[in-house]
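Examining the three-dimensional arrangement
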Amino acid sequence: MIAKPHRPQAVIFDWAGTMVDFGSLAPVIAMQQGFAAAGVEVSEAEVRRPMGQAKRDHVAALLAQPEVAQRWRDKTGHAPAEHDIERIYASLDNLMRAAGTARAKLIPGARATFDRLRTAGIRVGSSTGYTRAMMAPILTAAAAQGYEPELVVCAGETAQGRPAPLMIWKNFVELGVWPAAEVVVVDDAPVGITAGKAAGAFTVGVAGSGNEMGLTEEAFAALTDDERGLGLERARAALYAAGADVVIDTVADLPRLLSL
């Protein structure tokens, strides 16, 4: 476990489920639509298991799940192959742009957290499993709401995506920040936490607004106290198991965690 930095040099945020798209629903919607167009249904739970990976890797991981692979064989008569991965991945560009744009609302507290970091002189970077094309309308929508990180590193812009730490290291290089232990990585999915740990950063999991809860803001608010408590306990456990140094409910809690 890495000690919490007294004053971080930078914070590197994930996007869906962390700063925008409460519940990280856009990737679920797009993946389900892409697979359905190919004639195979995938469940939300199946889509969420590899969440946070680059989208081509996400498709490959879905097709590698035994139940999904069997449904694919039943539908097509052959096991999933590289050309199947490429076909579904190619269909995701427009689907992700549409779903991402529809779900680009900032998570409550995200703008205030960003403003606090900037006021404190802390650099703000970001990384995502979305490609640059998928991110384009989301970046425009986020900027209109007042969130513009200094750097956005997208899937395909490093040799490997998550769980490799390369997108985070690219943030280090481009922002000029080091050592790694003085940088905070914030992510809602276990694969992003794994990447943060591999990068050597202090890594903060987001339980309430992210992939592990998987609920819209309205659905999350409608839970009973017991339901919310049990859901958060499961989400925290998954993020700690991935190596998170600390887990918070949403990014609204980050300034207090960092004593800003």
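Residues numbered from 1 in each chain as written. Predicted model: local features only at pLDDT ≥ 70, side-chain atom pairs only at ≥ 80, totals over all residues. Heavy atoms only, no water.

1. So, the sheet that holds strand 6 (residues 246–248)
Read from one edge to the other, the open sheet built from 6 strands follows the order 3-2-1-4-5-6, with strand pairing classed as parallel. Unpaired on one side and paired on the other, strand 3 (151–153) and strand 6 mark the two borders of the sheet. Geometrically, the sheet is characterised by an average inter-axis angle of 25° between neighbouring strands, direction not taken into account. Pairing analysis gives 3 bridges linking strand 2 (residues 123–127) to strand 3, with the strands arranged parallel. (Pairing = 2+ DSSP bridges. Helix = DSSP H or I, 4+ residues; strand = E, 2+ residues; numbered from the N terminus. Axes fitted to C-alpha atoms, helices over the stretch in contact; angles between N-to-C directions.)

2. Some details on the pattern of salt bridges
In a structure, side chains of opposite charge can pair up when their charged atoms sit close to one another. Within this structure, the stated rule accounts for 18 salt bridges. A salt bridge links Arg 162 to Asp 187, with the shortest nitrogen-to-oxygen separation between them at 3.6 Å. Linking Arg 162 in the loop between strand 3 and helix 8 (166–175) with Asp 187 in strand 4 (residues 183–187), this pair joins segments that are 25 residues apart in sequence. For Asp 187, a relative accessible area of 3% corresponds to the buried category. Asp 249 serves as the salt-bridge partner of Arg 236, at 3.0 Å between the closest nitrogen and oxygen. Taken together, the residues Arg 236 in helix 11 (residues 225–241) and Asp 249 in the loop between strand 6 and helix 12 (254–257) connect sequence positions 13 residues apart. Among the charged side chains, a salt-bridge network with shared partners connects Asp 14, Arg 162 and Asp 187. (Salt bridge = Lys/Arg side-chain N within 4 Å of Asp/Glu carboxyl O. Buried < 20%, exposed > 50% of the residue type's maximum accessible area, 1.4 Å probe, protein only.)

3. Description of unusual backbone geometry
Note: most residues except glycine have negative phi, and most peptide bonds are trans. With omega at 15°, the peptide bond leading from Arg 162 into Pro 163 counts as cis. Considering the arrangement of structural elements, one finds Pro 163 in the loop between strand 3 and helix 8. Despite not being glycine, Asp 21 has its phi angle at roughly 60°, a positive value. Within the secondary structure, Asp 21 sits in the loop between strand 1 (10–13) and helix 1 (26–37). Positive phi outside glycine occurs at Ser 24, with the angle close to 50°. Tracing the sequence through the fold places Ser 24 in the loop between strand 1 and helix 1. Using a relative accessible area of 2% as the deciding quantity, one classes Ser 24 as buried.

4. Quick look at the packing of aromatic side chains
What the rule picks out here adds up to 3 aromatic pairs. Pairwise contacts between aromatic rings join Trp 15, Phe 114 and Tyr 147 into one cluster. Over the ring of Phe 220 we find Arg 228; its NZ or CZ atom is 5.4 Å from the centre of that ring. (Phe/Tyr/Trp six-rings, centres within 6.5 Å; stacked < 30°, edge-to-face > 60°. Lys NZ or Arg CZ within 6 Å of the ring centre and 35° of its normal.)

5. What to know about the packing of helix 8 against helix 9 (residues 190–199)
Two elements in contact, helix 8 and helix 9, have axes whose closest approach is 8 Å; the angle formed by their N-to-C orientations is 50°. Taken together, the axes of helix 8 and helix 9 lie oblique to each other. Mapping the contact onto sequence places Ile 168, Trp 169 and Phe 172 in helix 8 and Ala 195, Gly 196, Ala 198 and Ala 199 in helix 9. (Parallel < 35°, antiparallel > 145°, perpendicular 65-115°, else oblique. Contact = heavy atoms within 4.5 Å.)

6. Observations regarding helix 7 (residues 132–144)
With 13 residues, helix 7 should cover 18 Å at 1.5 Å per step; its first-to-last C-alpha distance of 18 Å lies within 8% of that length. All of the buried residues along helix 7 are Met 134, Met 135, Pro 137, Ile 138 and Ala 142. On its buried side, helix 7 packs onto helix 3 (55–64), helix 5 (82–102) and strand 3. A positive phi of about 95° marks Gly 146, the residue just after helix 7. (Expected span 1.5 Å × (residues − 1).)

7. Examining the nonpolar core
Counting residues in each nonpolar core, the largest one holds 51 residues, and the members touching the most others are Val 11, Phe 13, Phe 35, Tyr 147, Val 186 and Leu 254. Look past the residues within four positions of Tyr 147 in its chain and what remains in contact with it is Phe 13, Trp 15, Met 19, Leu 106, Phe 114, Val 124, Ser 126 and Ala 142. Counting 15 residues, the second largest nonpolar core, distinct from the first, contains Ile 12, Leu 151, Val 185 and Ala 201. (Core = buried A, V, L, I, M, F, W, Y, C linked by side-chain atoms within 4.5 Å.)

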